[in-house]
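# A structural walkthrough
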Amino acid sequence: GESVGLHLPTLSVQEGDNSIINCAYSNSASDYFIWYKQESGKGPQFIIDIRSNMDKRQGQRVTVLLNKTVKHLSLQIAATQPGDSAVYFCAEKKLYNFNKFYFGSGTKLNVKP
Amino acid sequence: EAGVTQFPSHSVIEKGQTVTLRCDPISGHDNLYWYRRVMGKEIKFLLHFVKESKQDESGMPNNRFLAERTGGTYSTLKVQPAELEDSGVYFCASSPRQSNSPLHFGNGTRLTVT
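Below is a summary of the structure that appears in this document. (Residues numbered from 1 in each chain as written. Chains lettered and ligands numbered in written order. Predicted model: local features only at pLDDT ≥ 70, side-chain atom pairs only at ≥ 80, totals over all residues. Heavy atoms only, no water.)

## Looking at the side chain of K37 of chain A
Residue and element names in this part refer to chain A. Defined as follows: Numbering goes from the N terminus for both helices and strands, where a helix is a DSSP run of H or I of at least four residues and a strand is a run of E of at least two. Under the scheme applied here, a residue whose accessible area is under 20% of the maximum for its type counts as buried, over 50% as exposed, and between as partly exposed, the area being computed with a 1.4 Å probe on protein chains only. For this count, His and the chain ends are skipped, Lys and Arg are scored as positive, and Asp and Glu as negative. Here, a salt bridge means any Lys or Arg side-chain nitrogen found within 4 Å of an Asp or Glu carboxyl oxygen. Each polar contact in these results corresponds to two N or O atoms within 3.5 Å; when the atoms are within protein, one needs to be able to donate a hydrogen and the other to accept it, and residues that are neighboring in sequence are counted only if both atoms are side-chain atoms. Note on contacts: a residue pair is in contact if any heavy atoms of the two residues lie within 4.5 Å.
Looking at the secondary structure, you find K37 in strand β3 (residues 30-38). It turns out K37 is buried and unbridged, and the closest side chain with the opposite charge, E39, is 4.2 Å from it. A polar contact of 2.8 Å, which involves the side chain of K37, links it to the backbone oxygen of G83. Residues within four places of K37 in sequence aside, it is in contact with G43, P44, Q45, I47, G83, D84, A86, V87 and Y88.

## Quick word on the packing of aromatic side chains
Short version of the rule: Any two rings among Phe, Tyr and Trp, with Trp reduced to its six-membered ring, count as a pair given centres within 6.5 Å; such a pair is stacked if its planes are under 30 degrees apart, edge-to-face if over 60, and tilted if neither.
Overall, the coordinates contain 13 aromatic pairs over all chains when judged by the stated rule. Judged by centre distance (5.3 Å) and plane angle (85°), the ring pair of Y36 of chain A and F105 of chain B falls under edge-to-face. Of this pair, Y36 of chain A sits in strand β3 while F105 of chain B sits in strand β10 (residues 104-105), each in a different chain. This pair shows no difference in class: Y36 of chain A is buried, exactly as F105 of chain B is. A ring pair is formed by F103 of chain A and Y35 of chain B, whose centres lie 5.3 Å apart and whose planes are at 80°; its orientation type is edge-to-face. In this pair, F103 of chain A sits in strand β9 (residues 101-103) while Y35 of chain B sits in strand β4 (residues 31-37), so the two residues belong to two different chains. Site record: aromatic cluster; members linked through ring pairs are Y36, F46, F89 and F103 of chain A together with Y33, Y35, F45, F91 and F105 of chain B.

## Observations regarding the environment of Q98 of chain B
With respect to the helices and strands, Q98 of chain B occurs in the loop between β9 (88-95) and β10. For the pair Q98 of chain B and I13 of chain B, spaced 85 residues apart in sequence, the C-alpha to C-alpha distance is 38 Å.

## A short note on the state of the cysteines
All names here are of chain A. Our working rule: A pair of sulfur atoms, both from cysteines and within 2.5 Å, is called a disulfide here.
For the coordinates displayed, the defined rule picks out 2 disulfides over all chains. A sulfur-sulfur distance of 1.7 Å marks the disulfide that ties C23 to C90. Across the disulfide from C23 to C90, rotation about the S-S bond amounts to roughly 45°, and the bridge is consequently right-handed. Here C90 lies in strand β8 (residues 86-94) and C23 lies in strand β2 (residues 19-24), a separation of 67 residues in the sequence. Side by side, C23 and C90 carry an identical accessibility label, which is buried.

## Describing the nonpolar core
The test is simple: Remark: nonpolar core denotes a set of buried residues (Ala, Val, Leu, Ile, Met, Phe, Trp, Tyr, Cys) joined through side-chain atoms within 4.5 Å.
W34, L46, L47, M60, L77 and Y90 of chain B are the most contacted members of the largest nonpolar core, which has 21 residues in total. Those elements that provide at least two residues to this core are β3 (19-24), β4, β5 (43-50), β7 (65-68), β8 (75-79), β9 and β11 (109-113) of chain B. With residues near it in sequence (within four places) discarded, M60 of chain B still touches L46, L47, F65, L66, A67 and L77 of chain B. V13, W35, A86 and C90 of chain A belong to the second largest nonpolar core, which has 19 residues in total.

## What to know about the layout of surface pockets
Our working rule: Within this scheme a cavity is a closed region of a 1 Å grid, computed over the protein atoms alone, that accommodates a 1.4 Å probe without allowing it to escape, whereas a pocket is open but has protein on both sides within 12 Å along at least five of seven lines; lining residues each have an atom within 4 Å of a point. Grid points are joined across faces, edges and corners, and a volume is the space filled by probe spheres set on the points.
In this structure, the largest pocket spans a volume of roughly 480 Å³. Contributing to the lining of the largest pocket are 24 residues, with Q38 and G41 of chain A together with R37, V89 and R110 of chain B lying nearest its centre.

## As for the interface of chain B and chain A
Test applied: The term buried area means the drop in 1.4 Å probe accessible area that two parts suffer when joined, counted for both and summed. By the convention adopted, Pro, Cys, Tyr, Trp, Phe, Met, Ile, Leu, Val and Ala count as nonpolar, Lys, Arg, Asp and Glu as charged, and the other residues, Gly among them, as polar.
Counting from both sides, the interface comprises 26 residues of chain B and, opposite them, 23 residues of chain A. Approximately 1900 Å² of surface area, both sides summed, lies buried where chain B meets chain A, with 53% of it carried by carbon and sulfur atoms. For the pair chain B and chain A, the number of links is 1 salt bridge. When the residues that make up the side of chain B that touches chain A are grouped by side-chain class, the tally is 10 nonpolar, 12 polar and 4 charged.

## Concerning the pairing of β4 of chain B
All names here are of chain B. Our working rule: Pairing between two strands requires that DSSP report at least two bridges joining them.
In terms of burial, β4 is largely enclosed, as 7 of its 7 residues are buried. Neither face of β4 is open: one carries N31, Y33, Y35 and R37, the other L32, W34 and R36, and all of them are buried. Looking at chain direction, β4 and β5 are connected through 7 bridges and run antiparallel. Along β5, the bridge assignment pairs W34 with L47. In this antiparallel pair of consecutive strands, β4 and β5, the connection spans 5 residues, and M39 shows a positive phi of 50°. Note that β4 and β9 share 7 bridges and pair antiparallel. Counted as the bridge partner of Y33 is A93 from β9.

See the structure below:
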């Protein structure tokens, strides 16, 4: 398997603050990246994706940044809310690899009210 | 549209027993994947079906695991005989045929082998 952010850190933030979750990947041939959110008892839920020909993509309250030079991916959540508390996974896919994704072990985000 | 559904949501079995997990993908999704998360570690790929054919089963741990997708619709993953280290959450995901499309996950089956 590929090494995609194999550590499971915990990030605690105050409600209303911005959150930044980081992920390192090892395969320079990866061409597509996704951030997933997993709440307790549920499956991973798609948040945002980015292709390797981009370095930034914005969604509603979320932004993904891709730095291919250092193989780093980050997820920024603006005005973090209690409902954002979950485990966040980054996932990468190699070029021409039929949507086979490699996942990291995740980051637990705790939002304090 | 109905999402990916998995059954059962939880299963507790004894070592040596057999368990069969079922996954119903989103209708029309040719791609079906099984993943597993063990002990809070990363979500690991097990195998990938395109319709009824196994495209990639490189992640299957050993021959105690058997996955099928007869008719290219739902899939089953059987563990026989189960071992303690098989405990974890088994996720199924599906995606359309197009490349670079996200996986849609079910809520998983939590398997506990005692």
